[in-house]
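Residue-level structural notes
Residue strings, one per chain:
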Amino acid sequence: MKRVTFAKIPSEGAGPRIRELMDRGWVDLHAKISKDECYRYVPILPEHIGEVVEEGYETVDGDAHTLDRRSPQERIREALSDHPDLLGMLPERWEFVGDIVILKMDPRCRPYGPLIGETYARVLGAKTVCADVRGVSGEFRQPSMEVLYGTDTESVRLENGIRYGFDVTKVMYASGNTDERMRMRRLDCRGETVVDMFAGIGYFTLPLAKFSGARRVFACEKNPDSYRFLVRNIRDNEVSDVVIPILGDNRDLLGKGFADRILMGYVQTTADFLPAALRMIRPGGIIHYHDTFYVSEYRERIESIFGENCGEGGYEVLGIREVKSFAPAVSHYVADVRITPSRSRSSQ
């Protein structure tokens, strides 16, 4: 630790003054700026101390903590330099979920899992580090996570004014669906009754319920782990007066022609649930239909699915959006489809 001279700057209005000192080239960029309740302590290069004093700044001498300007990847590689066989296999990217880090790790690294986990946690300041082993699978889209370091796997992700709480080892969080969650927030659903058939932890339910003006949202979720967090997130986001959580299969929901809007945020087997959605939608209502298709045929497949279930002239595709890439030549799409009054009446 080296001794340096600090410019002592009152905390109130410190930002512009610090930027000015930096612009003049007077600040030692290899030492950290420190602070207490009243002051910021800015490390000054020895050759500019006199100029700082002439400018009227009070100075004080003290120990400076060196500012490590290397990238996290560089620091991780240095920390594991005693294991040269690992260096070419270490994850260069990661995802933060609150204070939990998720890695996609080369299978050859698994024998070193605890060492890798502890190193990434220390360098990145994480409480827990997990490895995404096989992605998500099964009906409940459950993640395959291996805990490398730490014990607390519950976290809260803050996104566009919404708090999403979940356990990374039990519940999938689709970080690639951010734009679609934002779109749900911007919808004008004033006075509407909405059904979210695959609510999960509230991915689409919460932004829609909090910001769109919906009168009532029925949020159905079959996975007990996801449902537990759905209930908690409804409470934490203060939308209990709007959202009714339902544990169970959405095909068992009761009622006909009562929903103004239906969210079908599922993929690959979504068409199996379309008859239930068509039973619940009112004449003129909108279905937000998610599914995965080859990029060369998504429009034809959507037209085919709704044509088979609604008949000719029974629906209108208002728009189709690509949500994210899913696999080579395959993408996840969402189609906004209005169900025409003639089709809705004929099905009841």
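Residues numbered from 1 in each chain as written. Predicted model: local features only at pLDDT ≥ 70, side-chain atom pairs only at ≥ 80, totals over all residues. Heavy atoms only, no water.

**Observations concerning the confidence of the model for the protein**
As a general rule, the predicted coordinates of low-pLDDT regions are not to be interpreted in detail. This is how the line gets drawn: pLDDT expresses how confident the predictor is about each individual residue, on a scale running from 0 to 100. The contact criterion used is simple: two residues touch if any of their non-hydrogen atoms lie within 4.5 Å.
Of all residues in the protein, 94% have pLDDT values of 70 or greater, and the mean over the chain is 89. pLDDT under 50 marks residues 344-348. Its contacts with residues more than four places away, or in other chains, come to six contacts.

**Things to note about the sheet that holds strand β2 (residues 34-35)**
Our working definition: A pair of strands counts as paired when DSSP detects no fewer than two bridges linking them. Helix and strand definitions follow DSSP, with helices as H or I runs of at least four residues and strands as E runs of at least two, each counted in order from the N terminus.
The four strands are arranged β2-β3-β1-β4 in an open sheet whose pairing can be described as antiparallel. Here the strands that pair on one side only, and so sit at the sheet edges, are β2 and β4 (58-64).

**Quick notes on the packing of aromatic side chains**
The geometry of an aromatic ring pair is captured by two quantities: the separation of the ring centres and the angle between the planes. What counts is decided by this rule: The aromatic pairing rule takes the rings of Phe, Tyr and Trp, using the six-membered ring of Trp, and pairs them if the centres are within 6.5 Å, calling planes under 30 degrees apart stacked, those over 60 edge-to-face and the rest tilted. Relative accessible area decides the class of each residue, using a 1.4 Å probe on protein chains only: under 20% of the type maximum gives buried, over 50% gives exposed, and in between gives partly exposed. Only when the NZ of Lys or the CZ of Arg is both within 6 Å of the ring centre and within 35 degrees of the ring normal is a charge said to sit over the ring.
Inspection of the entire model under this criterion finds 10 aromatic pairs. Seen in terms of ring centroids, tyrosine 39 and tyrosine 41 are 6.4 Å apart; in terms of plane orientation they differ by 50°. Their pairing is tilted. Relative to tyrosine 266, the ring of phenylalanine 198 lies with its centre 4.7 Å away and its plane at 10°, an arrangement referred to as stacked. Separated by 68 residues along the polypeptide, phenylalanine 198 in the loop between β11 (193-196) and α7 (205-211) and tyrosine 266 in the loop between β14 (259-264) and α9 (274-280) bring together distant segments of the chain. For the pair shown, phenylalanine 198 and tyrosine 266 are each scored as buried. Following the ring pairs from residue to residue traces out a cluster consisting of Phe198, Tyr266 and Phe273. For lysine 8, the ring lying beneath its charged end belongs to tyrosine 39, and the centroid distance is 4.5 Å.

**What to know about the pattern of salt bridges**
Condition: Salt bridge, as used here, is a side-chain nitrogen of Lys or Arg placed within 4 Å of a carboxyl oxygen of Asp or Glu.
Tallied over the entire structure, the rule returns 24 salt bridges. The partner of lysine 8 in a salt bridge is glutamate 58, and the shortest N-O contact between them spans 3.7 Å. Linking lysine 8 in strand β1 (residues 2-10) with glutamate 58 in strand β4, this pair joins segments that are 50 residues apart in sequence. A relative accessible area of 45% places glutamate 58 in the partly exposed class. A salt bridge links glutamate 180 to arginine 321; its shortest N-O distance comes to 3.6 Å. One end of the pair, glutamate 180, is in helix α6 (residues 178-186); the other, arginine 321, is in strand β16 (residues 315-327), and 141 residues separate them in sequence. The class of glutamate 180 is buried, set by a relative accessible area of 3%. Taking relative accessible area as the criterion, arginine 321 reaches 33% and is therefore assigned partly exposed.

**Section: the side chain of arginine 183**
As a reminder of what qualifies: Polar contact criterion, stated in full: a pair of N or O atoms within 3.5 Å, where within protein one must be able to donate a hydrogen and the other to accept it, and residues adjacent in sequence count only if both atoms are side-chain atoms.
Looking at the element boundaries, arginine 183 is found in helix α6. A polar atom in the side chain of arginine 183 sits 2.8 Å from the side chain of aspartate 336. With residues up to four places along the chain from it excluded, the contact list for arginine 183 reads His288, Arg321, Val334 and Asp336.

**Concerning the packing of helix α3 (residues 72-79) against helix α5 (residues 113-124)**
Here is the rule we go by: Structural elements are reduced to axes, namely lines fitted to C-alpha atoms, with helices fitted over the stretch in contact, and the angle between N-to-C directions of any two is expressed from 0 to 180 degrees. Here is the rule for angles: anything less than 35 degrees is roughly parallel, anything more than 145 is roughly antiparallel, 65 through 115 is roughly perpendicular, and the remaining ranges are oblique. In this scheme the handedness of a crossing depends on how the near helix is turned from the far one: anticlockwise by less than a right angle means left-handed, clockwise means right-handed. We call Asp, Glu, Lys and Arg charged. Ala, Val, Leu, Ile, Met, Phe, Trp, Tyr, Cys and Pro are nonpolar, and the rest, Gly among them, are polar.
For the pair α3 and α5, interaxial distance at closest approach is 10 Å and the crossing angle is 140°. Judged on the interaxial angle alone, α5 and α3 are oblique. Crossing handedness for the pair α3 and α5: right-handed. When α3 is examined against α5, the residues Pro72, Arg75, Ile76 and Ala79 are found in contact with a partner set consisting of Thr119, Tyr120, Arg122, Val123 and Leu124. Residues of the contact of α3 with α5, tallied by class, amount to six nonpolar, one polar and two charged.

**Topic: the pairing of strand β5 (residues 94-97)**
Successive side chains on a regular strand alternate, one facing one side of the sheet and the next facing the other. With four bridges joining them, β5 and strand β6 (residues 100-103) adopt antiparallel strand pairing. Directly across from phenylalanine 96, in β6, lies its bridge partner valine 101. Counting the residues between successive antiparallel strands, the hairpin from β5 to β6 contains two residues, one of them, glycine 98, with a positive phi of roughly 60°.

**A word on the nonpolar core**
Put simply, the test is: We call a set of buried Ala, Val, Leu, Ile, Met, Phe, Trp, Tyr and Cys residues a nonpolar core when their side-chain atoms join them within 4.5 Å.
Formed by 32 residues in total, the largest nonpolar core has its most connected members in Phe166, Val168, Ile201, Leu208, Val217 and Val243. Contributing elements (two or more residues each) for this core: β6, β10 (162-167), α7, β12 (216-221) and α8 (224-236). Among the elements that take part in this core, α8 stands out by supplying four residues, more than any other. Contacts of leucine 208, omitting those with residues within four sequence positions, involve Met184, Leu187, Cys189, Val194, Gly213, Ala214, Val217 and Leu263.

**Here's the deal with the sheet that holds strand β17 (residues 330-339)**
Ordered by their spatial adjacency, seven strands build an open sheet running β13-β12-β11-β14-β15-β17-β16, and the pairing between neighbours is mixed. Looking at which strands have only one partner, the edges of the open sheet turn out to be β13 (243-247) and β16. Neighbour to neighbour, the strand axes of the sheet diverge by 15° on average, direction disregarded. In this sheet, β13 lies alongside β12 in parallel orientation, the contact comprising five bridges. Across the sheet, residue alanine 219 finds its bridge partner in β13, namely proline 245. The sheet contacts of α8 involve β12 and β13, and relative to β13 the element is tilted by about 165°.

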